[in-house]
Amino acid sequence: MLIVPETLIASLVTAEDAFRAVEACFAAMARGEACNFPVVREALGEGRQYGFKSGLDRAAGQLGVKAGGYFPGNAAKGMINHQSSVFLFDPETGRPVAMVGGNLLTALRTAAASAIAIDRLARPDARVLGIVGAGHQAGFQLRAAARVRRFERVIAWNLHPEMLPNVGAVAADLGLPFEAVDLPRMREAEVIVTITSSPVASLMAAHVAPGTHLSCMGTDTRGKQEADPALVAGASVFTDEVAQSVTIGEAQHAVAAGTLDASAIVPLGEVLIGRHPGRQTATEITLFDGTGVGLQDLAVAAVAVQRARERGLGIEVGV
Ligand code: NAD
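Please read these numbers as outputs of a predicted model, since none were measured by experiment. (Residues numbered from 1 in each chain as written. Predicted model: local features only at pLDDT ≥ 70, side-chain atom pairs only at ≥ 80, totals over all residues. Heavy atoms only, no water.)

**Observations concerning the packing of aromatic side chains**
Argument step 1. One pass over the full model with this rule turns up one aromatic pair.
Argument step 2. Of note, R147 hangs over the ring of F19, and the distance from its end group to the ring centre comes to 6.0 Å.
Argument step 3. Taking the ring centre of Y70 as reference, the NZ or CZ of K224 above it sits at 5.1 Å. (Phe/Tyr/Trp six-rings, centres within 6.5 Å; stacked < 30°, edge-to-face > 60°. Lys NZ or Arg CZ within 6 Å of the ring centre and 35° of its normal.)

In structure tokens form, the structure reads like this:
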């Protein structure tokens, strides 16, 4: 078994690698070649969440699980709040193949999913990017979005405004003008990414202009919520995995309220393989409910393992 520690990941996997790997796994899911297993997600108290996301991609030969969660006290200890590790197994024998640090990979694969949705669903002429959130993931989201559209400026809102310079610094690094705004000014954006751990909706229908694409990425647990359920119910909703969208994703609230039918939610993979057209008018609001699936984790971890083996990196241990 190869151990690929967190410290090696940045030198092994790029944003482009993550984009391609996640695109391939969403497409495999739509073709019925890959499936995610039910998510286990438990509250540990004091806001800590711990769980397992797992799956099998027959086409790619990937079987495995990501174990980890969200520990909100970590930031004060100088660590990121998300902590995880990915374990890969041989799908034929069940023997362990690799253990891979999952923190950077989670940020890369989450930002990749959002960017794939923007690439396929946002209007081609989108020029203003809105970000709701300013935590660890927000900068990755901004960088990934900037790879798929020619944005000319970035606007952002966060409940804790003192965190917004984190996003501003990434915008500056990308050479994009940045402005902190009130939520009603999100109407200036043609693409909005939400990436917070909020338990209540902040982005309301009145804050979003017709024709906008939303990537709602923060809600990955029962009880979290970023967008007004009326906004969700009025949008064309796409997701990574419908079963997760209706239980732990942003759509959980509109579905529970009976204003959105689960059968109306389209897996993004259907768009990738040409089975669904995606955006159909310039004025519809498209919404990607990115819940984060285990297969995404396996896909990027497999890239890390392949690169590590090619370069003789990592720690081989007998099992
Ligand atoms: P973080 O702890 O670094 O940042 C948290 C963000 O949420 C900050 O912007 C903070 O201001 C905001 N926030 C905190 N409490 C809030 C509240 N009560 N109301 C409104 N906003 C609040 O977290 P992160 O690593 O940037 O992750 C952000 C979210 O994305 C988390 O919910 C995390 O679980 C989720 N996430 C989702 C996926 C996925 O695949 N969909 C992957 C990774 C992380």
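**Let's talk about the nonpolar core**
Argument step 1. Counting residues in hydrophobic clusters, the biggest one holds 69 residues, and the most contacted among them are V4, F26, V100 and I131.
Argument step 2. For this core, the two domains that each supply at least three residues are domain 1 (2-106 + 295-316) and domain 2 (122-291). (Core = buried A, V, L, I, M, F, W, Y, C linked by side-chain atoms within 4.5 Å. Buried < 20%, exposed > 50% of the residue type's maximum accessible area, 1.4 Å probe, protein only. Domains from an automatic or database assignment.)

**Here's the deal with unusual backbone geometry**
Argument step 1. We note that E46 has phi near 50°; this positive angle belongs to a residue other than glycine.
Argument step 2. Along the chain, E46 falls in the loop between β3 (40-45) and β4 (48-57). (Helix = DSSP H or I, 4+ residues; strand = E, 2+ residues; numbered from the N terminus.)

**A closer look at the sheet that holds strand β15 (residues 286-289)**
Argument step 1. Overall, parallel pairing links the eight strands, which are arranged β10-β9-β8-β11-β12-β15-β13-β14 in an open sheet. For this open sheet the edge positions go to β10 (178-180) and β14 (266-267), each flanked by a neighbour on one side alone.
Argument step 2. Two elements, strand β8 (residues 128-132) and strand β11 (residues 191-194), share four bridges in a ladder whose sense is parallel. Counterpart to G130 in the pairing with β11 is I192.
Argument step 3. With respect to the sheet, helix α5 (residues 164-173) is in contact with β8, β9 (153-157) and β10, its orientation differing from that of β10 by roughly 165°. (Pairing = 2+ DSSP bridges. Contact = heavy atoms within 4.5 Å. Axes fitted to C-alpha atoms, helices over the stretch in contact; angles between N-to-C directions.)

**With respect to a nonpolar patch on the surface**
Argument step 1. Where nonpolar side chains cluster on the molecular surface, the patch consists of V40, L44, Y50 and F52 and spans about 310 Å² of accessible area.
Argument step 2. Listing elements by their share of the nonpolar patch, those giving two or more residues are β3 and β4.
Argument step 3. With respect to the element layout, Y50 can be found in strand β4. (Patch = residues over 30% accessible without salt bridge, like charges linked within 9 Å, V, L, I, M, F, W, Y side chains within 5 Å. Areas by Shrake-Rupley, 256 points an atom, 1.4 Å probe, with all protein chains shown as cover. Salt bridge = Lys/Arg side-chain N within 4 Å of Asp/Glu carboxyl O.)

**Regarding the domain arrangement of the protein**
Argument step 1. For the protein, the assigned domains are domain 1 (2-106 + 295-316) and domain 2 (122-291).
Argument step 2. For domain 1 and domain 2, the distance between their C-alpha centres works out to 23 Å.
Argument step 3. At the junction of the two partners, domain 1 supplies 20 residues and domain 2 supplies 21 residues.
Argument step 4. Where domain 1 abuts domain 2, roughly 1600 Å² becomes buried across the two surfaces, and 60% of that area is made up of carbon and sulfur atoms.
Argument step 5. Considering only the surface of domain 1 that becomes buried against domain 2, F26, A30 and R41 emerge as the three largest contributors, covering 29% of it.
Argument step 6. On inspection of domain 1 and its partner domain 2, the count reaches two salt bridges. (Buried area = accessible area lost by both parts, 1.4 Å probe.)

**Quick look at the site of the ligand**
Argument step 1. Near the ligand lie 26 residues; those nearest to it are Y70, N81, R109, H160 and K224.
Argument step 2. Protein chains shield 88% of the accessible area of the ligand, which is 860 Å² for the free molecule.
Argument step 3. Contributing elements (two or more residues each) for the shell around the ligand: α3 (103-121) and α4 (136-146).
Argument step 4. Ranked by residue count, the leading element in the shell around the ligand is α3, at three residues. (Near = heavy atom within 4 Å.)

**A word on the confidence of the model for the protein**
Argument step 1. Within the protein, residue pLDDT values average 97, and 100% of them lie at 70 or more.
Argument step 2. At the level of individual helices and strands, the protein shows its lowest average pLDDT in β3, which scores 92, and its highest in β11, which scores 99. (pLDDT = per-residue confidence, 0-100.)

**A closer look at the pattern of salt bridges**
Argument step 1. Inspection of every chain in the model, using the stated rule, returns 20 salt bridges.
Argument step 2. For the salt bridge of E16 with R147, the shortest nitrogen-to-oxygen distance reads 2.2 Å. With a gap of 131 residues between them, E16 in helix α2 (residues 15-30) and R147 in the loop between α4 and β9 connect regions that are remote in the sequence.
Argument step 3. Owing to a relative accessible area of 31%, E16 belongs among the partly exposed residues under this scheme.
Argument step 4. The structure contains a network of salt bridges with shared partners spanning E16, R20, E23, R120 and R147.

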